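Observations on the three-dimensional arrangement
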Amino acid sequence: MRFTGNYKEFEKILTGMNRTIVYSQTKDSMHQIKTSQGEVLNILKSGTLLIQGTPDIKKRFKHDYMHYNHRLYEKNGDSFSKLP
């Protein structure tokens, strides 16, 4: 997955997805965010978004992330194909 914004923008998305951020720290060439839902999210400087957690946690996050972004794009009149 990719995310082209900065980590503060990503934190706003997570909050909109009803995630609770329990840790957020820049480490070397990435920013790491941990949620109380068990997700560990790493945003690399290249824009790559890495998701750590159990297979169920990863699947749930990917589903919720796409669903959240899809709702935003529909609300703004844009197409789903514009997602990063």
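A short tour of the structure in this document, coming up.

Reading the values: the criteria
- Residues numbered from 1 in each chain as written.
- Predicted model: local features only at pLDDT ≥ 70, side-chain atom pairs only at ≥ 80, totals over all residues.
- Heavy atoms only, no water.
- Helix = DSSP H or I, 4+ residues; strand = E, 2+ residues; numbered from the N terminus.
- Polar contact = N/O pair within 3.5 Å; in protein donor to acceptor, adjacent residues only side chain to side chain.
- Contact = heavy atoms within 4.5 Å.
- Phe/Tyr/Trp six-rings, centres within 6.5 Å; stacked < 30°, edge-to-face > 60°.
- Lys NZ or Arg CZ within 6 Å of the ring centre and 35° of its normal.
- Salt bridge = Lys/Arg side-chain N within 4 Å of Asp/Glu carboxyl O.
- Buried < 20%, exposed > 50% of the residue type's maximum accessible area, 1.4 Å probe, protein only.
- Core = buried A, V, L, I, M, F, W, Y, C linked by side-chain atoms within 4.5 Å.
- Pairing = 2+ DSSP bridges.

1. Observations regarding the side chain of Arg-19
Take Arg-19: it is sitting in the loop between helix H1 (7–16) and strand S1 (21–27). Reaching out from Arg-19, the side chain makes a polar contact with the backbone oxygen of Met-17 at a distance of 3.1 Å. Within the local environment of Arg-19, its side chain forms a polar contact with the side chain of Glu-39, the two groups lying 2.8 Å apart. Sequence-distant contacts of Arg-19, defined by excluding residues within four places in its chain, comprise Leu-14, Thr-35, Gln-37, Glu-39, Arg-60, Phe-61 and Asp-64.

2. Description of the packing of aromatic side chains
Across all of its chains, the model carries 3 aromatic pairs by this definition. Between Phe-61 and Tyr-65, the ring centres sit 5.6 Å apart and the planes meet at 20 degrees, which makes this aromatic pair stacked. Here Tyr-65 and Phe-61 lie together in helix H2 (residues 55–75), a separation of 4 residues that amounts to about one turn. Through successive ring pairs, a cluster of aromatic residues spans Phe-3, Phe-10, Phe-61 and Tyr-65. Here the basic side chain of Lys-34 rests over the ring of Tyr-23, its NZ or CZ set 5.0 Å away from the ring centre.

3. Digging into the pattern of salt bridges
By the definition in use, this model includes 3 salt bridges. A salt bridge links Arg-19 to Glu-39, with the shortest nitrogen-to-oxygen separation between them at 2.8 Å. Linking Arg-19 in the loop between H1 and S1 with Glu-39 in the loop between strand S2 (30–35) and strand S3 (40–44), this pair joins segments that are 20 residues apart in sequence. Take Arg-19: its relative accessible area is 7%, and that puts it in the buried class.

4. Considering the nonpolar core
Counting 13 residues, the largest nonpolar core has Phe-10, Leu-14, Met-17, Leu-41, Phe-61 and Tyr-65 as the members making the most contacts within it. Where this core is concerned, the elements lending two or more residues are H1, S3, strand S4 (49–52) and H2.

5. Concerning the pairing of S1
Taken together, the 6 bridges between S1 and S2 define a ladder with antiparallel strand orientation. Residue pairing for S2: Thr-26 is matched across the bridge by His-31. If you look at the hairpin formed by S1 and S2, you'll find 2 residues sitting between the two strands, and Asp-28 has a positive phi there, around 50 degrees.

6. As for the side chain of Glu-39
Looking at Glu-39, the relative accessible area reads 0%, which means it is buried. At a separation of 2.8 Å, a polar atom in the side chain of Glu-39 contacts the side chain of Thr-35.

7. Topic: the pairing of S3
Of all the 5 residues making up S3, 4 are buried; the element is thus mostly covered by neighbouring parts of the structure. Bridge count for S2 against S3 is 5 bridges, and the pairing is antiparallel. For Met-30, the partnering residue across the bridge sits in S3 and is Leu-44. Between the end of S2 and the start of S3, which pair antiparallel, lie 4 residues, with Gly-38 showing a positive phi angle near 95 degrees. In the sheet, S3 pairs with S4 via 4 bridges, with the strands oriented antiparallel. Opposite Ile-43, over in S4, you have Leu-49 as the bridge partner.

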